[in-house]
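# Descriptive analysis of the structure
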Amino acid sequence: MTESGKIELMAPAGNFESLQAALDNGADSVYFGVEQLNMRARASINFTIDDLAEITRRCREKQVRTYLTLNTIIYDHDLTLIKVLLDKAKEAEITAVIAMDQAVIAYARQIGMEVHISTQINITNIETVRFYAMFADTMVLSRELSLRQVKKICDQIEKEQIKGPSGNLVEIEIFGHGALCMAVSGKCYLSLHSHNSSANRGACKQNCRKKYTVIDQESGFEIELDNEYMMSPKDLCTLDILDQVIDSGAKVLKIEGRGRAPEYVARVIKTYREAIDAYEAGTYSKEKVGKWMEELKKVYNRGFWNGYYLGQKLGEWSDGPGSQATQKKVYIGKGEHFFPKAGIAQFKIEAYDIKVGDKLLVTGPTTGVQEFQLTEMMVDDQKAEQAKKGDSCTFKTDFRVRLSDKLYKIVAA
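Summarised in this report is the structure supplied together with it. Throughout this description, residue numbers start from 1 for each chain and increase along the sequence as written. With pLDDT at 70 or above as the cut-off, local features in this predicted model cover only qualifying residues; side-chain atom pairs require 80 or more to be listed or tallied, and sums for whole chains, interfaces and linings still use all residues. Values shown for side chains rest on all heavy atoms present in the structure; no hydrogens or waters enter the calculation.

With that out of the way, let us pick up the overall build of the protein. By the criteria applied, helices consist of DSSP H or I runs no shorter than four residues and strands consist of E runs no shorter than two, each listed in order from the N terminus. Along the protein, the regular secondary structure elements total 10 helices and 22 strands. Each residue is assigned to one of three classes by its accessible area relative to the maximum for its type, calculated with a 1.4 Å probe on protein chains only: buried under 20%, partly exposed between the two thresholds, exposed over 50%. Among the 413 residues that make up the protein, the fraction classed as buried is 52%. Surface accessibility in these figures is a Shrake-Rupley result with a 1.4 Å probe; residues are shielded only by whichever protein chains are displayed. About 19,500 Å² of surface is accessible on the protein, with carbon and sulfur atoms providing 49% of the total.

Below, the structure is given as structure tokens:
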């Protein structure tokens, strides 16, 4: 929980662009993977051990907590790497490690590092909370619990004064937004069975997101499941029940999405930040929720539902294989130069044309995510309405542009 007493908004960081986007848009904490021992091990966007110091530096500037995810199944041959990672994380002053394997938990405690229990442990009752309180200060409850069950656990922690190693009351973290797995708290074996690629080792092939045909083996009769991807849940969204989520007593709200684009992190964190602040200020309303939901629909999503929080027994399934976002980005070009005194950026147009009035997006490892409307620009030192492939164009920005930055145009999906 934050020092102000507000629920902690926890953001995903798959790379430096997403990390900066989280910091710029009001996250209270960030979680990230390093190397291969995390639940997004196949993603090409994991940080390296050498990045830990820079992650800490950026987050400390904004007083944002840092959580290293080491929440996969661990084998004997992983143990040396686990110890190296935890030692480096401790040295870099990473706030806590998110873990599910007892080997990780035990070594983190041995070196005095704060532990958070991952959802893979499947905590569903107060006695399990009491047990893990010997090792951990924060626990992620099973994704399948209702808010009524979450509240009961939170109330009992308070009533029975169940404390973690820090001496503070155990804090409960729950999922707030993003992709949901059809399996119980993410424990799935489909990918291992079909591709020898274990989801529980962070290498899920997402079999569940595909379309299937059901065959009656006696008659051979086939049924194609029309308009429903029967194993692919819609994305979780709690923005329209945020008041109930906060009232449950949960102290940390996790936004899922380490594998998603930095603009997803920017928009989702910004929206939930506004909603949490509005709730605390007493201005959270249906009208605002409606506007916020439209913002969330602009970035990657499979449609939304409230998960199991309101007592639903079955999932709600997506009706398509991919995103239902109302917007998409189109690559335009890359940063060439920045004139700091004038605040003017220069970009090389490498793909599609842009024109005055377009909505543009710039992303970069240090720049993060910057979205704006192009009001005027220059091509070959002349004022222009359009820049075409091969042109170098300049326009004013209120942020610094770097050579590693990429320029995109945002268009209707």
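What follows is about the pattern of salt bridges. Whenever a carboxyl oxygen of Asp or Glu lies within 4 Å of a side-chain nitrogen of Lys or Arg, that contact is scored as a salt bridge. Enumeration over the complete set of coordinates arrives at 25 salt bridges. Salt-bridge contacts for Arg273 lead to Asp277; the nearest nitrogen and oxygen are separated by 3.2 Å. Highlighted residues: Arg273 and Asp277, both in helix H9 (residues 262–281), separated by four residues, approximately one helical turn. What makes Arg273 buried here is its relative accessible area of 12%. Classification of Asp277 as partly exposed rests on a relative accessible area of 28%. Notably, a salt bridge pairs Lys297 with Glu294, separated by 3.3 Å at the nearest N-O pair.

With that settled, the discussion passes to the pairing of strand S17 (residues 368–373). We call two strands paired when DSSP finds no fewer than two bridges between them. Judged from the six bridges that link them, strand S16 (residues 359–364) and S17 form a sheet pairing that is antiparallel. By the bridge assignment, Val362 is partnered in S17 with Gln370. A loop of three residues connects S16 with S17, the two strands running antiparallel in sequence.

All axes are obtained by fitting lines to C-alpha atoms, using only the stretch in contact for helices, and the reported angles, taken between N-to-C directions, cover 0 to 180 degrees. At a closest axis distance of 10 Å, the pairing of helix H3 (residues 79–91) and helix H4 (residues 102–110) adopts a crossing angle of 40 degrees. Here H3 lies oblique to H4, going by the angle between them. Crossing geometry of H3 relative to H4 is assigned as right-handed. The segment H3 lies against H4, with Leu79, Ile82, Lys83, Leu86 and Asp87 engaging Ala103, Val104, Tyr107 and Ala108. Taken together, the residues of the contact of H3 with H4 break down into seven nonpolar, no polar and two charged. If an angle is under 35 degrees, it is roughly parallel; if it is over 145, roughly antiparallel; if it lies from 65 to 115, roughly perpendicular; otherwise it is oblique. Should the near helix be turned anticlockwise from the far one by less than a right angle, the crossing is termed left-handed; should it be turned clockwise, right-handed. By definition in these notes, contact holds between two residues if any of their heavy atoms fall within 4.5 Å. Amino acids outside the nonpolar list (Ala, Val, Leu, Ile, Met, Phe, Trp, Tyr, Cys, Pro) and the charged list (Asp, Glu, Lys, Arg) are all regarded as polar, and Gly is one of them.

What follows concerns the layout of surface pockets. Looking at the second largest pocket, its volume works out to about 560 Å³. Only protein atoms enter the calculation, which uses a 1 Å grid: trapped sets of points that fit a 1.4 Å probe without letting it out are cavities, open sets showing protein on both sides within 12 Å along at least five of seven lines are pockets, and any residue with an atom within 4 Å of a point is a lining residue. Lining the second largest pocket are 24 residues, and of these Met1, Thr2, Glu8, Glu171 and Lys251 sit closest to its centre. Per-element tally for the lining of the second largest pocket: the top contributor is helix H6 (residues 147–160), with four residues. When grouped by side-chain class, the residues that make up the lining of the second largest pocket number six nonpolar, eight polar and 10 charged. Grid points are joined across faces, edges and corners, and a volume is the space filled by probe spheres set on the points.

Here the focus is the packing of aromatic side chains. Only the six-membered ring of Trp is used, alongside the rings of Phe and Tyr, when aromatic pairs are assigned; centres must lie within 6.5 Å, and planes under 30 degrees apart are stacked while those over 60 apart are edge-to-face, with the rest tilted. The tally for this structure, following the rule as stated, stands at 11 aromatic pairs. Between the aromatic rings of Phe131 and Phe135, the centroid separation amounts to 5.7 Å while the plane-to-plane angle is 65 degrees, which identifies the pairing as edge-to-face. For Phe135, a relative accessible area of 27% translates into the label partly exposed. Ring geometry for Phe372 versus Phe395: centroids 5.8 Å apart, planes at 45 degrees, classification tilted. You can see Phe372 sitting in strand S17 and its partner Phe395 sitting in strand S21 (residues 392–396), a full 23 residues away along the chain.

The next thing to look at is H6. For H6, spanning 14 residues, the distance from its first C-alpha to its last is 20 Å, which sits close to the expected 20 Å at 1.5 Å a residue. Listed as buried for H6 are Leu147, Val150, Ile153, Cys154 and Ile157. Down the axis of H6, the sector holding all buried residues measures 125 degrees, keeping them to one side. Of the exposed residues in H6, those oriented more than 90 degrees away from the buried face are Arg148, Lys152 and Lys159. If you follow the buried residues of H6, they end up packed against helix H5 (126–132), strand S7 (171–178) and helix H8 (242–247). One or two residues past the end of H6 sits Gln161, with phi positive at roughly 55 degrees. Under the convention used throughout, the expected extent of a helix is 1.5 Å for every residue step, that is, one less than its residue count. In this description, one arc is meant: the one made by directions from the helix axis to the C-beta atoms.

As summarised here, the arrangement of the eight strands in space is S17-S16-S22-S13-S14-S21-S18-S19, forming an open sheet in which the pairing is antiparallel. Bordering the open sheet on either side are S17 and strand S19 (382–384), each of which pairs with just one other strand. With direction set aside, neighbouring strand axes in the sheet form an average angle of 35 degrees. Along the sheet, helix H1 (residues 16–24) makes contact with S16 and S17, crossing S17 at roughly 65 degrees. Together, strand S13 (327–339), S16 and S17 form the strand contacts of H9, whose direction differs from that of S17 by roughly 75 degrees.

A two-sided burial pattern is seen for strand S11 (residues 252–255), the buried positions comprising Val252 and Lys254 on one face and Leu253 and Ile255 on the other. Here strand S1 (residues 8–12) runs beside S11; their pairing, made up of three bridges, is parallel. Across the sheet, Leu9 pairs through a bridge with Leu253, a residue of S11. Bridging between S7 and S11 involves four bridges; their strand directions are parallel. Residue pairing in the sheet places Glu173 in a bridge with Val252 of S11.

By themselves, these are just geometric observations and shouldn't be taken as functional.
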